[in-house]
Amino acid sequence: MTTFRKHSSSSFNFAVNFSLVADVISTVEFSHSGDLLATGDKGGRVVIFQREQENKSRPHSRGEYNVYSTFQSHEPEFDYLKSLEIEEKINKIRWLPQQGAARFLLSTNDKTIKLWKISERDKRAEGYNLKDEDGRLRDPLRITALRVPILKPMDLMVEASPRRVFANAHTYHINSISVNSDHETYLSADDLRINLWHLEITDRSFNIVDIKPANMEELTEVITAAEFHPHQCNVLVYSSSKGTIRLCDMRSSALCDRHSKFFEEPEDPSSRSFFSEIISSVSDVKFSHSGRYMMTRDYLSVKVWDLNMESRPVETHQVHEYLRSKLCSLYENDCIFDKFECCWNGSDSAIMTGSYNNFFRMFDRTTWRDVTLEASRENSKPRASLKPRRVCAGGKRKKDEVSVDSLDFSKKILHTAWHPVENIIAVAATNNLYIFQDKAN
Amino acid sequence: MEFKLEAHRIVSISLGKIYNSRAQRGGIKLHKNLLVSLVLRSARQVYLSDPCPGLYLAGHPGAPALPQQPGESVSGPPACWGEPPPPAACAAWPEPEPQLALPAVLEVPRAGDAEPAAPVTGAGDTLQGGEAEAAEAAWRRVEGPRETAVGGAGVPAGGSDIFPQGPGAARRPWGCPPGDEDKMSASPRVDGCRAPSPAGPEPPVPPAVCPRKRGAEGVGGGPADRPAPGSTPLKKPRRNSEEQSGGAAAAAAQEEEEMETGNVANLISIFGSSFSGLLRKSPGGGREEAEGEENGPEAAEPGQICCDKPVLRDINPWSTAIVAF
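- Under the annotation held in an unreviewed UniProt entry, chain B carries the name Immediate early response gene 5 protein and is attributed to Tursiops truncatus.
- Comment text from UniProt for chain B, heading Sequence similarities (unreviewed entry), reads "Belongs to the IER family."

- Identification of chain A as Serine/threonine-protein phosphatase 2A 55 kDa regulatory subunit B from Tursiops truncatus is taken from an unreviewed UniProt entry.
- You can read under Sequence similarities (unreviewed entry) in the UniProt record for chain A the words "Belongs to the phosphatase 2A regulatory subunit B family."

What follows is the structure in structure tokens.
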């Protein structure tokens, strides 16, 4: 399992670095089995990586992720009615559980969700009667004999085709999609509403949460993230910009404006500042694999909540507390609005989230140890262990420590993903994707 | 004093952010603008609550900080129309598309809340009770003497000119329903089990005629240029925006919902009107201060002189800084 409890350093190594020069990565997601890794970028492209099979002749390449498929998921659009340009940036990708040979994923930009089918083709039919090998039609009058086409192997071709387009359901910007455990429905959430869709039906959706006030002047909070429970298909949670999380049960009422549970930690009055409200805004919410816990990410910390206790989180992990004194500068340069994501490992024993300077943080929930690692080319040679990093908040800077003032705030790790089973992590650093694996593997 | 300066600085930064957000790709981000408006409120509260005798705050009823119309009495909220904007700001609006709708400064009313639509406004007034009446009274009182003094240089403009006027002359037609968000959506709320709320699709919000758009006829003109009946329609949106005490985020949300255009000036006018609620000290009070402030950055944009000296002199230092910004 995670071995960084034994050493002060993590044994994550084996960095595989892919440079996606075109664009900033905006989402990263492993498939349910972990053999595929999808990334979306600001240019509306989706790039899928596939893990190489174990190969005795090339033992070192075991577990490498290589590009499997690339396609343009969303294009920039213009809403003529509102004179608004709709960005093609992929906000979220979510895989559907595999049901056949083909793979399906949902990708969304601000306004439109698309269901993509990714299928392999490794055979080609040859020997058609009505057309020859080039595809040109043969003159039927010249055909004197009939033959049965036969399938011949060909180079593997991976095709991505859009199977459904779910559009025109969101007035505001979509921030989340989540596939239900029933494998038939999914939710999409924007700033003020959450809609429920059936994967087969594109021309209608059910609105299940609507927090838009009748008088927009009274608007005080927006929805920031939403997710279905991993096992209970009637349960979903959504987080708000006020730092609260609401759990809704679709069985209790069709419209889930009233929550079943309300999770909020009372604010510490001693830490009140101009920016208290901003930093309490939850940027991501994720259920644990077990379904017993959920994790929320706000600007400075990650909190683990027990679904049975609404009054406060059971764990709070500080990600970069040294930034608390810099909030004004971070407000000026807009960094305070960065939306960091967080993720669980497969056994829910560890959690991971990103920070600045291409740092990312891992917290072991059982040993309560944490580590800061860096995703950068200079520091990651293949098969070398990642060295833990330390940030010096003040006072004398020790050797190898990085001082807060020298942090590069343009290098932010917003999107990370953890393999559902193994200790493999994917870390998106602007337009580079890093994949690290645990030495023990 | 330090808190005041810090708050001042934060307000400047926040205003800049909201101002710049109009230009970003993909439309206004509701979440970010909401957060910025919250910071604005916090900073404003600190600024207003930090006792500092040196700084004089406009916004007290009857405050002489800003020129008033002769005979104008500024009584309590929300009748603070006495504050004229920097008059040259009236001319500061390049209006390439004056016919574009000003989305939702007006509010979409709850079903049942809608007042009977005045012919010029259409549905969509969300004035609440007494406040509305007071506003209405204030408006009428204010706009009477105002009509005669329009946007002349150095002369405080009339009530309708509180917002900077653009040179665009055409007044937008009333009652054109902007895209209703539910109608635009191809997915109607299909749910046999749940009571639709609000009942049916939201009534369309008419595009408010932006007072700024009176532009050419308003600026530099004398009384003859301002037809009295013509100014009547302009009262309505003004009053409505007066009533709104919400922040820029709300305006941004309105933008999202009913927005028909991305017209820059429209956006600024929305933010401008919403700031009045943010920045005034008491409900309805302090409009003077707000007007001065919001007009500053916006008027400055086209590069024209936005404030005449007499006006500048009278605006408190805080407003001056914002204006300069």
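Some words on the overall build of chain B
Then comes step 1: Secondary structure summary: chain B contains eleven helices and zero strands in total.
Then comes step 2: The order of helices and strands in chain B, counted from the N terminus, is α-α-α-α-α-α-α-α-α-α-α.
Then comes step 3: The buried share of chain B, taken over its 325 residues, is 61%.
Then comes step 4: Looking at chain B as shown, the accessible area adds up to about 11,100 Å², and 62% of this sits on carbon and sulfur atoms.

Some remarks on unusual backbone geometry
All names here are of chain A.
Then comes step 1: One non-glycine residue, N168, lies in positive phi territory at about 65 degrees.
Then comes step 2: By the secondary structure assignment, N168 is in the loop between β11 (150-166) and β12 (176-179).
Then comes step 3: The backbone phi angle of D400 is positive, close to 75 degrees, even though this residue is not glycine.
Then comes step 4: In this structure, D400 sits in the loop between β28 (390-392) and β29 (401-403).
Then comes step 5: The class for D400 is partly exposed, based on a relative accessible area of 47%.

Some remarks on the sheet that holds strand β13 (residues 185-189) of chain A
All names here are of chain A.
Then comes step 1: A sheet is described by the order of its strands in space; here four strands give the open sequence β12-β13-β14-β15, paired in antiparallel fashion. Each edge of the open sheet carries a strand with a single partner, namely β12 and β15 (201-210). When strand polarity is set aside, the average angle formed by the axes of neighbouring strands in this sheet is 25 degrees.
Then comes step 2: With four bridges joining them, β12 and β13 adopt antiparallel strand pairing. Paired with S176 across the two strands is A189, which belongs to β13.

With respect to the packing of helix α1 (residues 2-21) of chain B against helix α2 (residues 30-49) of chain B
Residue and element names in this part refer to chain B.
Then comes step 1: Their axes nearest at 8 Å, the elements α1 and α2 cross at an angle of 155 degrees. Here α1 lies roughly antiparallel to α2, going by the angle between them. The two elements α1 and α2 cross, and the hand of that crossing is left-handed. For the pair α1 and α2, contact is made by F3, K4, A7, H8, I10, V11, S14, L15, K17, I18 and S21 and by N33, V36, V39, L40, A43, R44, V46 and Y47, respectively.
Then comes step 2: Split into classes, the residues belonging to the contact of α1 with α2 amount to twelve nonpolar, four polar and three charged.

Here's the deal with the nonpolar core
Then comes step 1: Judged by nonpolar contacts, the single largest core of 37 residues is most densely connected at F275(A), Y299(A), L323(A), Y331(A) and I336(A).
Then comes step 2: For this core, the secondary-structure elements that each account for two or more residues are α1 (276-280) and α2 (327-332) of chain A together with α1 and α2 of chain B.
Then comes step 3: With eight residues, α2(B) is the single largest residue contributor to this core.
Then comes step 4: Within the second largest apolar cluster, 16 residues are counted, among which are M352(A), M362(A), A375(A) and Y434(A).

A closer look at the confidence of the model for chain B
All names here are of chain B.
Then comes step 1: For chain B, mean pLDDT is 48; residues scoring 70 or higher make up 15% of the total.
Then comes step 2: When the elements of chain B are averaged for pLDDT, helix α9 (residues 287-300) gives the smallest value, 38, and α2 the largest, 89.
Then comes step 3: Per-residue pLDDT stays below 50 along residues 56-325; that stretch engages in 573 contacts with residues further than four places along the chain or on separate chains.
Then comes step 4: In the predicted complex, the global pTM is 0.67; the interface-specific ipTM is 0.88.

Side note on the confidence of the model for chain A
Then comes step 1: Within chain A, residue pLDDT values average 90, and 91% of them lie at 70 or more.
Then comes step 2: Confidence over residues 1-10 of chain A falls short of pLDDT 50; this stretch has 32 contacts with residues more than four positions distant or in other chains.

Here's the deal with the pattern of salt bridges
Then comes step 1: For the structure on display, the rule yields 38 salt bridges over all chains.
Then comes step 2: Its salt-bridge partner being D41(A), residue R45(A) comes within 3.4 Å of it at the nearest N-O pair.
Then comes step 3: Accessibility expressed as a relative area gives 25% for R45(A), which makes it partly exposed.
Then comes step 4: Close ionic contact of K412(A) with D338(A) constitutes a salt bridge, the shortest N to O distance being 3.0 Å. Here the residue K412(A) occupies a position in the loop between β29 and β30 (415-418), and D338(A) occupies one in the loop between α2 and β24 (342-344), the gap between them amounting to 74 residues. For the pair formed by K412(A) and D338(A), the shared burial category is buried.
Then comes step 5: In the salt-bridge network here, residues are joined through shared partners; they are E85(A), E88(A) and R25(B).

So, the sheet that holds strand β23 (residues 315-318) of chain A
Either a parallel or an antiparallel arrangement is found when strands of a sheet pair, and the pairing is made through backbone hydrogen bonds.
Residues and elements named next belong to chain A.
Then comes step 1: Spatial ordering of the open sheet is given by β20-β21-β22-β23, a layout of four strands whose pairing is antiparallel. Edge strands, defined here as strands with exactly one partner in the open sheet, are β20 (284-287) and β23. Between one strand axis and the next, the sheet turns by 15 degrees as a mean value, whatever way the strands run.
Then comes step 2: Sheet topology note: the strand β22 (residues 301-306)/β23 ladder contains four bridges and is antiparallel.

Let's talk about α1(B)
Then comes step 1: In this model α1(B) runs 28 Å from its N-terminal to its C-terminal C-alpha over 20 residues, within 8% of the 28 Å that 1.5 Å per residue would give.
Then comes step 2: α1(B) sits mainly inside the fold: 14 of its 20 residues count as buried.

Comments concerning the side chain of T353(A)
Residue and element names in this part refer to chain A.
Then comes step 1: Along the chain, T353 turns up in strand β25 (residues 350-354).
Then comes step 2: The class for T353 is buried, based on a relative accessible area of 0%.
Then comes step 3: Looking at T353, its side chain comes within polar contact range of the main-chain oxygen of E341, at 2.7 Å.
Then comes step 4: With residues near it in sequence (within four places) discarded, T353 still touches R297, V302, V319, F340, E341, C342, F360, R361, F363 and T416.

Description of α2(B)
Within an α-helix, residues lying three or four positions from one another point in the same direction, as the helix has 3.6 residues per turn.
Then comes step 1: The terminal C-alpha atoms of α2(B) lie 28 Å apart, and with 20 residues this matches the ideal 28 Å at 1.5 Å per residue to within 8%.
Then comes step 2: Summarising burial for α2(B): 15 of the 20 residues are buried, a large majority.

What to know about the pairing of strand β17 (residues 235-240) of chain A
All names here are of chain A.
Then comes step 1: Within β17, six of the six residues are buried, which leaves it mostly tucked inside the rest of the structure.
Then comes step 2: Because side chains alternate across β17, one face comprises the buried residues V235, V237 and S239, and the other comprises L236, Y238 and S240, equally buried.
Then comes step 3: In the sheet, strand β16 (residues 223-228) pairs with β17 via five bridges, with the strands oriented antiparallel. From the neighbouring strand, A225 faces β17, where its bridge partner is S239.
Then comes step 4: Hairpin geometry of β17 and strand β18 (residues 245-249) is characterised by an intervening segment of four residues between the two adjacent antiparallel strands and by a positive phi of about 85 degrees at G243.

Calculation rules
- Residues numbered from 1 in each chain as written.
- Chains lettered and ligands numbered in written order.
- Predicted model: local features only at pLDDT ≥ 70, side-chain atom pairs only at ≥ 80, totals over all residues.
- Heavy atoms only, no water.
- UniProt positions renumbered as here; feature names shortened; annotations may be inferred.
- Helix = DSSP H or I, 4+ residues; strand = E, 2+ residues; numbered from the N terminus.
- Buried < 20%, exposed > 50% of the residue type's maximum accessible area, 1.4 Å probe, protein only.
- Areas by Shrake-Rupley, 256 points an atom, 1.4 Å probe, with all protein chains shown as cover.
- Pairing = 2+ DSSP bridges.
- Axes fitted to C-alpha atoms, helices over the stretch in contact; angles between N-to-C directions.
- Parallel < 35°, antiparallel > 145°, perpendicular 65-115°, else oblique.
- Left-handed = near helix turned anticlockwise from the far one by under 90°.
- Contact = heavy atoms within 4.5 Å.
- Nonpolar A, V, L, I, M, F, W, Y, C, P; charged D, E, K, R; others polar.
- Core = buried A, V, L, I, M, F, W, Y, C linked by side-chain atoms within 4.5 Å.
- pLDDT = per-residue confidence, 0-100.
- Salt bridge = Lys/Arg side-chain N within 4 Å of Asp/Glu carboxyl O.
- Expected span 1.5 Å × (residues − 1).
- Polar contact = N/O pair within 3.5 Å; in protein donor to acceptor, adjacent residues only side chain to side chain.

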